[in-house]
Amino acid sequence: MTISFTVFLAITFFVTFLFISKKQESEYSQLLIQNAKTLTKSIALASKDKILTNSFDTLQTILDESVDEEVKYAYILDREGNCLAHTDRSRIGTQFRVNFLAEWKEKFSASQDSEDFVMPTRDRGDVVEVVYPIRIDAIRRFYGVVNVSLKRDILEKALSETREMFLWIFLFVLVSGFFVTSILAMLATEPIQDITALARNIAHGNYDVPEKNHQFYEEKVLRQSLRTMAGTIQGQVEQLQESNRKLDRRIYELNILMEASLKMNSKCYSNEVLEHILDQAVSGLNAEWGSLLLADQEEKSLVPRVVRGKYDQPRGTVRIGLGEGIAGKVFKDHQPYISNLGAKDPLFEEKDPDRESMIQGIACAPIVVEGEAIGVINVINKKEGDFDSSDGNLLVSLAALIARSIENSQLYNLAITDGLTGLFIKRYFQDRLDDFISQAQRYKLKFSLIYADIDHFKKVNDTYGHVQGDMVIKCAAKTLLLEARDNIDLVARIGGEEFAVILPETDQEGAAAFAQRVRKRVEYKLAQESGLPTQVTMSFGVATFPKNGKTSKELVLAADQALYKSKEGGRNQVTVAG
Amino acid sequence: MRAWLSAILILLSLPLVGADSTYLKIGRVAFSQPERILISHNPLCLHIKKEVGLADFEMFLYESYEELFERLKAGDVQLAWLGTAFYAMLNEPDIEPIVRPLWIGRKSYRGQWFALKENSMNSLQDLRGKRVAFVSPKSSSGYLFPKMLLEKRGILLEDLSEYSFLDKHSAVVASVLTRQFDAGASYVGIFQEKAFVENANKFQVLEQTDEISNEPIVVRSDFPKDLKEKLRNAFLSAQSSGAVSSIRNLTGFVRAISSDYDAVRKLVADDE
């Protein structure tokens, strides 16, 4: 662009130069003629009085003082053609044979005034000759002429100087034109570069097209179009991102659900499963913490069973009445509830001020098993933003999983637990004992096995009936469960009034101590709890792996023999296998 | 010898006369701006051309009476409007006056001595030891006649403290008015000139000279007589035709003869 413009500039300037040069030549020529006329007239005016008074002596002086080097020659003639003064003094006094004198005599006598007179000018190649008459128009008298011939080379010299100057100007304009064009080109491409950069930004996801002062209208239109395009793309990208986000969320939810489902497929229902599902809910909803409350039908309240996240221990004292507060209402209505008002929510009822004061958002879904609510799952304070319907949906799905888990667990438990006591049945006990032995062998662990038996149960049964006997059994089972560690120790009913307890990671002493605690509790409390007027006691046999047996059979035998010894020893005692 | 030689030259340069092709020239000294003189005298020239029946009658100007007289003798001009004193000094028998002008109706004029009234000078005797301005040594009214008058009163130029020639009558008046000189000599009537009329009452005229005939227009003695008469008549009729009105103060012409200038000749002779 710059080179094209410069070439264009050069051609334009050259053509202009030719035109101006020609014009200048003409103007200079005119100027030369004008100068000649002026000089001639001034000599004529200075000479006039001298000619009119016929005093020619000073004419030569006037002529000499008037001409300069630009004059090739000059002379003054009287009207008869006599040379009165001449730059070439040798011509003074000679007769000039000039045709115009007679013509001028005629002309001036006819001329009305000086305005009609056109100063005769002749361009004779090397000189420009001007003749001016000395005359008195008022009386139409003609007295002589002044002739001045200016050298034409003055004109040539002036033209040459002008051309030289023009050439320098040409060079200057050419160079400056090149630079100016370059700058203009830069200025013109700058908006294009800007817009290219903006387009590149849009391509990289930056849709901001800032306002800017526009140098060109086209730039303004381009920017507006780009802004519109960026807005459209941004909208579509956001829609796409939203769809992706939803899809991701859905995949994430599915993953969570799958994870939870996998966990749920475990053979038993346990806190571990609930904790896992609650963990998924807390992380899936990006919440601070979550809790799972199960209904205690006897106390008509919801009791926190599992807490995960920021807090991981339930407050044992917290009870929420069925129908009270958000959880109670969700439980009662079987409908999920989402609130981002926290404690300001009208349904909110403060139960645990320390924790609840920090509640800003809550998502709560019922856990419904076979059409009946058994609890609720709460997720508290979303870390970023508010809980929304998708959070609610995920929570409902997780709640359904929990429900399913519990439901399955209940069925399984039904199969592996004793209907009277809720303790594991003998078959399940034996399976687990094998598991414990395998793990203990693999990991070099030790555990203890306790066999327990209600003393003289047949007598109780016979004396007070089976119902009362069952009550004694239930109370004995309850006592065992009370002393057993949740989710660690395994308590089973392996016969009518016989029980077995597996105590992982427990040596003989620990197991003996456990047995003693149970024995004493039974001794002091069982009769009262079961409503018997007489004391009820239990005997215990303790065996420890691997000391008393390295197989289940050996261990069971050792525990059984120890129990037998307790029976033989007088009952209501604990015997540790030797 | 001088007169004889002059006559031969005059004869050689005589114009062809007596026909419409006759072209006569009258010479005059350029007493002011040449173009203005030529323009103001053009009606008179046209009048004479017409009255005499000439092909042309043209005025030529010269810077001095000497040059003019030379041109007359050379035949470059056939008529010459000479000065009174110059003509008297020439004492040339080969030229003769034909007319003299009437300036403001007067065929002669006077010279005068004047001073400012404030100088309290009443007679020429008061000029002793004073600074005096003259016009020129050849001016009749501006030098010759006033000087003669002064000498009549027994006062010589040496009795003056200082005297100068200022070339023009107006310059003499102006120099006295500006007190560069105590007194001056000029023609009578100059105070009525436009330049001085406002200050005319400031001047005290000390004494006037005798009458001096106005300057003659002369031709050479060999000029054809009939043409000379025609020319004289043409000049004399100029007043009635209005041809003189363009020349300031000129009111006509009267016939002039050589003896009109005898008084001046005598004066000049005494001066020499």
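Above: the structure in question.
Residues numbered from 1 in each chain as written. Chains lettered and ligands numbered in written order. Predicted model: local features only at pLDDT ≥ 70, side-chain atom pairs only at ≥ 80, totals over all residues.

**Side note on the sheet that holds strand β12 (residues 424-425) of chain A**
Residues and elements named next belong to chain A.
Part 1: What the six strands build is an open sheet, ordered β12-β14-β15-β13-β16-β17; its pairing is mixed. Single-partner strands in this sheet number two, and they are β12 and β17 (574-576).
Part 2: Relative to strand β16 (residues 538-545), strand β13 (residues 447-454) is paired through eight bridges, and the arrangement is antiparallel. Note that in β16 the partner of tyrosine 451 across the bridge is glycine 541.
Part 3: With respect to the sheet, helix α12 (residues 508-530) is in contact with β13, β15 (498-504), β16 and β17, its orientation differing from that of β16 by roughly 165 degrees.
Part 4: Contacts between helix α13 (residues 552-568) and the sheet are confined to β13, β16 and β17, with β16 contributing the most and set at about 150 degrees to the helix. (Pairing = 2+ DSSP bridges. Helix = DSSP H or I, 4+ residues; strand = E, 2+ residues; numbered from the N terminus. Contact = placed C-beta atoms within 7 Å. Axes fitted to C-alpha atoms, helices over the stretch in contact; angles between N-to-C directions.)

**Brief notes about the packing of helix α2 (residues 34-52) of chain B against helix α7 (residues 225-236) of chain B**
Residues and elements named next belong to chain B.
Part 1: Taken N-terminus to C-terminus, the directions of α2 and α7 make an angle of 130 degrees; their axes are 9 Å apart at the nearest point. Relative to α7, α2 is oriented oblique. In terms of crossing hand, the pair formed by α2 and α7 is right-handed. In contact with His47, Ile48, Glu51 and Val52 of α2, α7 contributes Lys230, Leu231, Ala234 and Phe235. (Parallel < 35°, antiparallel > 145°, perpendicular 65-115°, else oblique. Left-handed = near helix turned anticlockwise from the far one by under 90°.)

**Here we look at helix α10 (residues 426-443) of chain A**
Note: α-helices contain 3.6 residues per turn, so residues at a spacing of three or four share the same orientation.
Part 1: Relative to the 26 Å expected for 18 residues at 1.5 Å per residue, α10 of chain A spans 25 Å between its end C-alpha atoms, a close match to the ideal helical length.
Part 2: Along α10 of chain A, the positions that sit buried rather than exposed are Tyr428, Phe429, Leu433, Phe436 and Ile437 of chain A. (Expected span 1.5 Å × (residues − 1). Buried ≥ 20, exposed ≤ 12 C-beta atoms within 10 Å, placed from the backbone.)

**As for the nonpolar core**
Across soluble globular proteins, nonpolar side chains show a tendency to be buried alongside one another.
Part 1: Core analysis: the largest hydrophobic core is formed by 104 residues, its most contacted members being Val148 of chain A together with Ala80 and Ala183 of chain B.
Part 2: For this core, the leading source of residues is helix α1 (residues 2-52) of chain A, giving seven residues.
Part 3: Beyond its immediate chain neighbours, meaning those up to four positions away, valine 148 of chain A contacts Ala36, Leu39, Thr40, Ile43, Val71, Ala74 and Val130 of chain A.
Part 4: Counting residues in each nonpolar core, the second largest holds 50 residues, with Leu423, Phe424, Ala515 and Val518 of chain A among its members. (Core = buried A, V, L, I, M, F, W, Y, C linked by C-beta atoms within 7 Å.)

**Side note on the pairing of strand β4 (residues 127-136) of chain A**
Residues and elements named next belong to chain A.
Part 1: Of all 10 residues making up β4, eight are buried, and the element is well covered by its neighbours.
Part 2: Strand direction decides the pairing type here: β4 and strand β5 (residues 141-151), joined by 10 bridges, are antiparallel. Paired with glutamate 129 across the two strands is serine 149, which belongs to β5.
Part 3: Linking β4 back to β5 in an antiparallel pair, the connection comprises four residues, with arginine 140 at a positive phi of about 55 degrees.

**As for the interface of chain B and chain A**
Part 1: Taken together, the 10 residues of chain B in the interface contact eight residues of chain A.
Part 2: When residues of the side of chain B that touches chain A are traced back to their parent elements, those giving at least two are α2 and β2 (56-62) of chain B.
Part 3: Broken down by element, the side of chain B that touches chain A gets its largest block of residues, five residues, from α2 of chain B.
Part 4: When the residues that make up the side of chain B that touches chain A are grouped by side-chain class, the tally is seven nonpolar, one polar and two charged. (Nonpolar A, V, L, I, M, F, W, Y, C, P; charged D, E, K, R; others polar.)

**Looking at the sheet that holds strand β10 (residues 203-208) of chain B**
Residue and element names in this part refer to chain B.
Part 1: Taken together, five strands build an open sheet; the order of strands is β8-β7-β9-β6-β10 and the sheet is mixed. Because the sheet does not close on itself, it has two edges, and the strands there are β8 (162-165) and β10. The mean angle between the axes of side-by-side strands here comes to 25 degrees, regardless of whether they run parallel or antiparallel.
Part 2: Lying over the sheet, helix α5 (residues 140-152) contacts β6 (111-116), β7 (131-134), β9 (183-187) and β10, oriented at roughly 120 degrees with respect to β9.
Part 3: Its contacts with the sheet place helix α6 (residues 169-177) against β6, β7 and β9, and it is angled at close to 150 degrees to β9.

**Side note on the pairing of β5 of chain A**
Each regular strand carries side chains that alternate between the two faces of the sheet.
Residues and elements named next belong to chain A.
Part 1: The element β5 is extensively covered by neighbouring structure, given that 10 of its 11 residues are classed as buried.
Part 2: Pairing geometry for strand β1 (residues 71-78) and β5, over seven bridges, is antiparallel. Within β5, the residue paired with alanine 74 across the bridge is valine 148.

**Examining the environment of leucine 144 of chain B**
Residues and elements named next belong to chain B.
Part 1: Along the chain, leucine 144 falls in helix α5.
Part 2: By C-beta crowding, leucine 144 is classed as buried, having 28 other C-beta atoms within 10 Å.
Part 3: Along the chain, leucine 144 and phenylalanine 134 lie 10 residues apart, while their C-alpha atoms are 9.3 Å from each other.

**Focus: the packing of helix α11 (residues 457-483) of chain A against α12 of chain A**
Residue and element names in this part refer to chain A.
Part 1: At their nearest, the axes of α11 and α12 sit 9 Å apart, and the two run at 140 degrees to each other. It follows from the interaxial angle that α11 and α12 lie oblique. Judged by the sense of rotation from one axis to the other, the crossing of α11 with α12 is right-handed. Listed contacts from α12 to Met471, Val472, Cys475, Ala476, Thr479, Leu480 and Glu483 of α11 are Phe514, Arg517, Val518, Arg521, Val522, Leu526, Glu529 and Ser530.

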